Amino acid sequence: MSEKYIEEMIQTRRALHKRPELGWTEFETMWHICSHLEQWGIPYVLGTKVINPAFVMGRNETEVKDAMERAKKHGVPEAFLEKTEGYTGAAAIIDTGRPGPVTAFRFDMDALPIRESDDCSHEPAKLGFASERAGIMHACGHDGHSAVGLTVAHWLWDHKDELCGQFKVLFQPAEEGVRGARPMSESGIVDDVDWLVGSHVGGNFHSGEVTVQDGGFLASTKFDITFTGLQSHAGNAPHKGHNALVAAACATMMIQGIPRHGDGDSRVAVGKLVAGEGRNIIAAHASMEMEVRGETQEVNDFMADNVEHIIEGVEKAYQVSAKVERVGESSTLVVCPKCIEKIEEAVQKVPGVKLMPRFHGAAGSEDCSWLIRKVASHGGQAAYFIFGCEHKGHHRPDFDIQDEKNLPVAFNVFVNFAKLVNGKN
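Thresholds, definitions, all that
Residues numbered from 1 in each chain as written. Predicted model: local features only at pLDDT ≥ 70, side-chain atom pairs only at ≥ 80, totals over all residues. Heavy atoms only, no water. Helix = DSSP H or I, 4+ residues; strand = E, 2+ residues; numbered from the N terminus. Buried < 20%, exposed > 50% of the residue type's maximum accessible area, 1.4 Å probe, protein only. Contact = heavy atoms within 4.5 Å. Areas by Shrake-Rupley, 256 points an atom, 1.4 Å probe, with all protein chains shown as cover. Core = buried A, V, L, I, M, F, W, Y, C linked by side-chain atoms within 4.5 Å. Pairing = 2+ DSSP bridges. Axes fitted to C-alpha atoms, helices over the stretch in contact; angles between N-to-C directions. Salt bridge = Lys/Arg side-chain N within 4 Å of Asp/Glu carboxyl O.

Colleague: How should I be thinking about the overall build of the protein in this particular structure?
Modeller: Assigned secondary structure in the protein consists of 12 helices and 14 strands. Across the 425 residues of the protein, 55% fall into the buried class. Taking as baseline every contact in the protein between residues at least 6 positions apart, the subset at least 24 positions apart corresponds to 84%. Summed over its atoms, the accessible surface of the protein is roughly 17400 Å², and 49% of this surface lies on carbon and sulfur atoms.

Shown next, in the form of structure tokens:
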């Protein structure tokens, strides 16, 4: 791997780290990516060519408009924003002009609503590329993923005379909350894909270690729930109110008590609860953000159905109204042995990298599962690998990766995979 690609990848990662954006609002990130694609002459598509609006979940139109205005103020051309049709997500299309398989690589772009650490021991703070946006940071490594994807696209374009077939480099929005992959998978962009590979940095693995996932993603459903009661004075007329805060608190406790399923692991978490108007007011409003997960789709559906049953009961018991909105969904991993073997072969060709035993951890969810499922459904092969780093925990204010050491590993795995399946015979 030439120094040119390494330097480019590190610069991209650090530039994206400084300007993090939440899911469905990644307009600055997209422009950074697409402006480079334009500079290199690489064709790309975006908007509804890569996102099917009918499958979009958890997207707030007001937040999208605000993000587009912010992006405009930070130099994103209005003409580009119009081309997005208000939807983030893009795909670089690299056609070698020779017959061969269609291979897709997927990279997510979004950040998290976390305030980044300003401790001097935190590398981004120390080196001056920490988040410029208060309360938002790349705390899961998606800035690194996007940087790898952009540099892989550049390499493929520069070396397309050595390859055959076609490549699609997918830049996916809104992985957090598992919202972006399903509408991308339903857009038609992967309908002709023969091979698809996704990846993630970190997990339980260290620098120089790579593993392929051979199962274990939990299916998941994300909910936003709002409760509306009736406001009244807590001192002289408490009987006239209907308390949304107490209803939400009761729902929280009941949700935590959903029976676990005997046919597989399950998870439930109420991650955010906001309620009330003031100390002496019967609360009229409460909102909850929560999720369930299951080792199988059936276990997840059991958990999700029980959430909705509980909310129905709470509405009646506390005389409040409730709105339950499903704002994200992921599925379990379809295992494609041929693709796993090809990735492992690609890993073994990277000097100094250790191929770890296949990983089957079931603790997390990943919406790349929808893209993998879609490719497998028409006979293609797809898989997902993890490349390690040294971190203190994902989704933390002090999360970091060692970009100069870790990102080249992922880059080389993708490049080697491309050579294996799309190399000229």
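Colleague: Teacher, can you tell me more about the nonpolar core here?
Modeller: Proteins that are soluble and globular tend to have nonpolar side chains buried together. One finds Phe105, Val148, Leu156, Ile343, Phe385 and Phe417 to be the most contacted residues of the largest nonpolar core, which totals 71 residues. No other element matches the 10 residues that helix 12 (residues 403-422) contributes to this core. Setting aside chain neighbours within four positions, we find Phe417 in contact with Thr103, Phe105, Trp195, Val197, Cys339, Lys342, Ile343 and Ala346.

Colleague: Could you clarify how one ought to interpret the sheet that holds strand 11 (residues 285-294) in this entry?
Modeller: Hydrogen bonds between backbone atoms are what pair the strands of a sheet, whose relative direction is either parallel or antiparallel. Strand order in the open sheet formed by 4 strands is 9-11-7-12, and the pairing between neighbours is antiparallel. If you trace the sheet from one side to the other, it starts and ends with strand 9 (266-275) and strand 12 (321-330), each paired once. If you compare each strand with its neighbour and ignore which way they point, the axes differ by 15° on average. The pairing of strand 7 (residues 219-228) with strand 12 spans 9 bridges and is classified as antiparallel. Considered in strand 12, the bridge of Ser220 is made with Ser330. Lying on the sheet, helix 9 (residues 297-318) is in contact with strand 7, strand 9, strand 11 and strand 12; it crosses strand 7 at an angle near 10°.

Colleague: Just to check I follow, could you spell out the pattern of salt bridges for this structure?
Modeller: Close approach of charged atoms allows side chains of opposite charge to pair. Taken as a whole and assessed by the stated rule, the structure comprises 28 salt bridges. Two residues, Arg14 and Asp403, come together in a salt bridge whose shortest N-O distance is 2.9 Å. Highlighted residues: Arg14 in helix 1 (residues 3-18) and Asp403 in helix 12, separated in sequence by 389 residues. A relative accessible area of 21% places Arg14 in the partly exposed class. The network of salt bridges with common partners includes Arg13, Arg14, Asp143, Asp400, Asp403 and Glu404.

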